[in-house]
Structure formats: structure tokens, C-alpha cells
Amino acid sequence: MASVSAHVAHALSTHLDHVFGVMGNGNAVLLDALDRSSARYTPLRHEAGGVVAADAHFRASGRLAAATATYGAGFTNTLTALAESAQARIPVVLVAGDAPTAGARPWDVDQAAMAAAAGVPTLPVGREDAAATTVRAIEHALAHRTPVVLAIPYDLATADAGDLPAAGALPRVTLPAPLAPDGERLDAVAELLAGARRPFLLAGRGAWLAGAGEELGRLADLTGAVTASTALARGIFPDPRFDLGVTGGFGQGDAMALVHEADVAVVFGAGLNQFTMRFGQLFAPGTRVVQVDLAPEATNPAVTDFVPGDARLAASGIADRLKRAGTTPGGWRESVDFAPLRRLHPGDDVAADGRLDPRRVAARLGELLPEDRVVVSDGGHFIGWANMYWPVAAPDRMLMIGTAFQSIGLGLPSVPGAAAAKPESAIVLTTGDGGGLMALADLESAVRAAAGRGIAVVWNDAAYGAEVNLYGLKGYAEAPMLIPEVDFAALAAAVGAEGVVVRELADLDRLATWAGEPVGERRFLLLDCRISGRVIAPYQHEVIAVNRR
């Protein structure tokens, strides 16, 4: 006979291969059962980190992972990470202990209500349905792109639930077919593109999840469109020659001016948030903007035509129509000199305050970082530097965990999830001193999980930079926005990493020698970059301008 927890562990290990979390008495029996399963368990040091690692694993691999935490305080520690995954529409299954079925104890809280407030459903397991409910939680997470809490009541954790079902006897995970777009709407989009003089294609993360890259490339060639992506879909278009990179505040200024010249823009799988849209300035007032998305309706007032449907099916359908019609490209993209549109400000060696210019540091790091890399980003002012100066090969190699919920402190626990998802790649963390300190418990987790494949870049400006830029410039008291300068290199050494304080550009040369060493012989490398907070990222200038209106 097997316990309820063993049935949950059995169903989990049948459908996924990684679980991340922190042990407590609400999930100890589950972890014991997982230890005898095929799933790999990676311990984190804070419960939020378990959810973040599972989230990062999906973003980097497209494969579901689970997190686990105990009840009460263990569960409540996960709420920020759950809210981020819910806002970003990332499937995660959190297996958590919960109050006994006999009733709440003095230390129990209404976990289902708390999860629901963050937009996350809860499925409780019972004696008779533990395995089936686990499969249902997995199916719901994948079908609806959402985190799901799978709750194990405390008095059922060790309860006898009968023999474990054979793998083939478990319910199958069945996902809905992609939503086919309406043919007449595709006809109209094809007609628009055929008549466009300056066509532009923009792809977002939804297009990547739909596997639309190849079809978008075909559509770009048939129309002669200039292309670009959102921050979460960089590299999705197969031909980089006519691609402008990322739109919005992470984009190059002259490149964004070219987008403004488009007469027809077709957007695939992008929500068109305020940052992508440059707060309403991305497209000219007369641009015809078509949005193809799974949302029930257009998500931005600039959209003139909305096509509900799967991005890959839509791109393929439009391309097929243009090919049958014999449409020929108008030649706009061939008339553009793209080289100047990719030049970024090189920065200076040292800023006016005597600290390093983050632009020059970012550019130099972009030259030195291993080519086969996954970049995981915390939230904060510094996100502009990696996003602009460190190109990545595909959308699953730039993970921005925290931006959907406007959170900081989720960067370090992203590293174990990315490391498990991409076991051959370098894992590069970009974080600020504020977010780094907030997530310090999982510095050890990151160092242990990534080991010689791991690099952390700490943008250490001794401040909460975004707040200084938004509120310090308004004359608000700056003392709450400042952080005593912390020696992150020493903190890294304390948990087994190599830490380097970077006060001069030459100090970055250690990354070059590190990259040349055998992976098994080198340690996780943390670069504590003492940068100036007076150099403001371009995207932040846009935010500042909006806040001044």
C-alpha cells in the first residue's frame, strides 16, 4: 500500500522530471517518495525560490516543472513568486502542505483564498483521487498557462491510498488544439500586407510558444517586411539581416524611429504592453496595426484589426495566401541601412562620479560572456544593460523573471531552474544589489546548481536605482533609496564561488580567463561591478518622461 503523498509523487514523476523546493513537515512525506522516483529534486533555501526555479525551468525549456513547500509560512513565502508566474502566464505546479481535513489548526491560514487572490487555483487531493488530481493539476497548468497549487491536507499526507497505479493506468494529459484563426480575417490581413509600402512584423512570446518562427520568417520574405520582437521573443525571426531587435525602451533609438514609419504592422503573440509600445509612441497615428493573439480581444488601443488565433497558424495562413496571389516584396527593407540601427552608445570608462559606466561594462561583458549562454534577469533599473548589450540566440535564452509582477529579488533562484533546463549552457545572472540582497538565501542554491557553468553579474550602485531615477529626481528623500555598499564578492566566496570586485574595466579580464578554463575545474564566478547610478538606461528615460506628464 502507498500513501497519498506517494501517489502524488508517482504521478508527478510520470509527467515531469524536475521538482524544486524547501522541505518542511507538510511535504516531508512527499519528498521521501520523490526520492525513490525518477524525478530529480533540487533543494532551494527559500520557498519563493522553489516556485521561481520551476518557472525558470519552463521558460528555458518549455517543459513543466514542479515546486514544493510546506503549509503556513512555507506556503505564504511562495506568494510573490506565484503572482509573478500567474501574471507572466507560466505553468507551474506547486505541491504544498495544507490544513488537515478535520479543520484548521491555530497556525493554519486559508491558503486557497490567498492563492486565488494572486490568480492561482488550488486543487486539494484526497485518498481516492490523489494521482488523478495531480494529473488534472498538470493538465490545467499547461492548458491555461498558469500556476496551480496542489494541496495535500496534513492528515492525508501519510494516509493509505492503495497500490500505486501503473504508469499506463494514469489519466493522460490532454491539451486543447491550437485555436485556428478565421479565414476571412486572414484574407483581410493578407490584402493589407500585399498593399503595404512599409510592412513591419512584430513577434512576442506567444509566437515563440506557438512555434511560429519559421512561418514568420517565410511571411517576412514574402512581404519584404522589417521585423522586430518584444523583449521575451528576441531572436525568433530566422533572418537577422532585416531585424531591428527588441522594440520599446530596450530598442535602439533610430531603429524605433524606423518602426514609426511603418504603414502596416502585424503583431503576432504579443500583448503590446506600455513598455513594448514606448508608452504609445511606437507606431505613428496612421499605422494600421493588426494583432494576432489568443486573448479574447485587442490588448492595446493602437490595434485597428484583431485576429484571435494561434500565431503559427495565422502566419502560415497569411503566407500561403500571399504566395498564391503572387505577391512580391516592395523592397523597403532592402533600402534600409541596418548597421547604424544596431549601434549602441559605447559609454565611457568611468562616469562623472568616478564609478564605472554601466554601458561600457555591459558592452565589454557582451564580448566576453560565453556564446552558449542563458541569461536570467532579476528586476530593477539595471535590466536595460543586459537587454541591450547582451544578444542571445533565442527567446528561451533570456529569462526576465519578476518583470510581469514588477518584482525584484527573483533572480538568484532562477539560476537552478535554468541550469536544470539547459545542462550544457552557461547560466548568466544579471541582478542589482537590492534584488541580490533580497534573494541572498538562494545565492548558495545558484552556486551549487550552476557550479562552473554559472556567472553572476551584480550591478552594484549602492542604491535602489529605479527609485532614485523616478523619485529622487523629483526631490523626494533619497535616504530610503540608498544601500550601504555591500561586498558581494565576499558573500559569493562564503558559499563556495569565486568573487571578483570590478572597479576598473581591466578587472573584467578575469571572465576571459575563467571562460578558457575547463568547466569542471572552475568555480561559479560572481562579478561585483561597482557602477555609477548616474547613468540612466534608455527605457528608464521613457518611464521618467511618462511620470513627469
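Presented here is an overview of the structure given in this document. (Residues numbered from 1 in each chain as written. Predicted model: local features only at pLDDT ≥ 70, side-chain atom pairs only at ≥ 80, totals over all residues. Heavy atoms only, no water.)

### Quick look at the overall build of the protein chain
Piece 1. Scanning the protein chain from N- to C-terminus turns up 21 helices and 18 strands.
Piece 2. For the protein chain, the spread of C-alpha atoms along the principal axes amounts to about 70 × 60 × 50 Å.
Piece 3. Considering the protein chain as a whole, with its 549 residues, one finds that 58% of them fall into the buried category.
Piece 4. The long-range share in the protein chain, meaning contacts at least 24 apart out of those at least 6 apart in sequence, stands at 78%. (Helix = DSSP H or I, 4+ residues; strand = E, 2+ residues; numbered from the N terminus. Buried < 20%, exposed > 50% of the residue type's maximum accessible area, 1.4 Å probe, protein only. Contact = heavy atoms within 4.5 Å.)

### Considerations on unusual backbone geometry
Piece 1. Located in the positive-phi region is Q406, a residue other than glycine, with phi close to 55°.
Piece 2. Mapped onto the fold, Q406 is located in the loop between β14 (398–400) and α15 (414–421).

### Structural notes on the pattern of salt bridges
Opposite charge on two side chains allows them to pair when their charged atoms are near.
Piece 1. Scanning the entire structure with this criterion turns up 25 salt bridges.
Piece 2. Between R355 and E485 there is a salt bridge, with the nearest N and O atoms lying 2.8 Å from each other. Of this pair, R355 sits in the loop between α12 (311–325) and α13 (358–368) while E485 is found in the loop between α18 (465–472) and α19 (488–494), placing the two residues 130 residues apart along the sequence.
Piece 3. Each of R355, E485, D528 and R530 takes part in salt bridges that share partners, so that together they form one network. (Salt bridge = Lys/Arg side-chain N within 4 Å of Asp/Glu carboxyl O.)

### Looking at the environment of I455
Piece 1. Counting through the fold element by element, I455 comes out in strand β16 (residues 454–460).
Piece 2. I455 gets classed as buried once you look at its relative accessible area, which sits at 0%.
Piece 3. Taking C-alpha positions, I455 is 40 Å from P153, a pair spaced 302 residues apart along the chain.
Piece 4. The residues contacting I455, other than those within four sequence positions of it, are L369, P370, I427, V428, L429, L511, W514, F524 and L525.

### Overview of helix α10 (residues 213–223)
Piece 1. The buried fraction of α10 is high, at 8 of 11 residues.
Piece 2. Those residues of α10 not exposed but buried are G213, E215, L216, G217, L219, A220, L222 and T223.
Piece 3. Along its buried surface, α10 packs onto α8 (183–195), β7 (199–203), α9 (205–209), β8 (226–229), β10 (264–268) and α12.
Piece 4. Backbone geometry just downstream of α10 places G224 in the positive-phi region, at approximately 70°.

### Focus: the pairing of β10
When a strand is regular, its side chains alternate between the sheet's two faces.
Piece 1. β10 sits mainly inside the fold: 5 of its 5 residues count as buried.
Piece 2. Burial of β10 is two-sided: the residues V264, V266 and F268 facing one way and the residues A265 and V267 facing the other way are all buried.
Piece 3. Two elements, β7 and β10, share 5 bridges in a ladder whose sense is parallel. Across the sheet, residue F200 finds its bridge partner in β10, namely A265.
Piece 4. Here β10 runs beside strand β11 (residues 288–293); their pairing, made up of 5 bridges, is parallel. Within β11, the position partnered with F268 by the bridge is V292. (Pairing = 2+ DSSP bridges.)

### Overview of the sheet that holds strand β9 (residues 243–246)
Piece 1. Across the sheet, 6 strands lie side by side as β9-β8-β7-β10-β11-β12; this open sheet has parallel pairing. Edge positions in the sheet fall to β9 and β12 (305–308), since each of these pairs with one other strand and no more. On average, each strand axis in the sheet is tilted by 15° relative to the strand beside it, whichever way the strands run.
Piece 2. Pairing of β11 with β12 involves 4 bridges; the strand directions are parallel. The residue bridging V292 from the neighbouring strand is V307, located in β12.
Piece 3. Relative to the sheet, α10 contacts β7, β8 and β10, its axis offset from that of β7 by approximately 170°. (Axes fitted to C-alpha atoms, helices over the stretch in contact; angles between N-to-C directions.)

### Section: the sheet that holds strand β13 (residues 373–377)
Piece 1. The strand order across the open sheet formed by 6 strands is β14-β13-β15-β16-β18-β17, and the pairing between neighbours is parallel. In this open sheet, the two strands that pair with only one neighbour each are β14 and β17 (498–502). Looking at each pair of strands side by side, their axes are set apart by 15° on average, direction ignored.

### With respect to the nonpolar core
Nonpolar side chains in soluble globular proteins tend to end up buried together.
Piece 1. Formed by 53 residues in total, the largest nonpolar core has its most connected members in L94, V149, V376, L399, V415 and F524.
Piece 2. It is helix α3 (residues 47–61) that contributes the most residues to this core, 8 residues altogether.
Piece 3. With 42 residues, the next largest nonpolar core counts F382, A386, Y539 and V543 among its residues. (Core = buried A, V, L, I, M, F, W, Y, C linked by side-chain atoms within 4.5 Å.)

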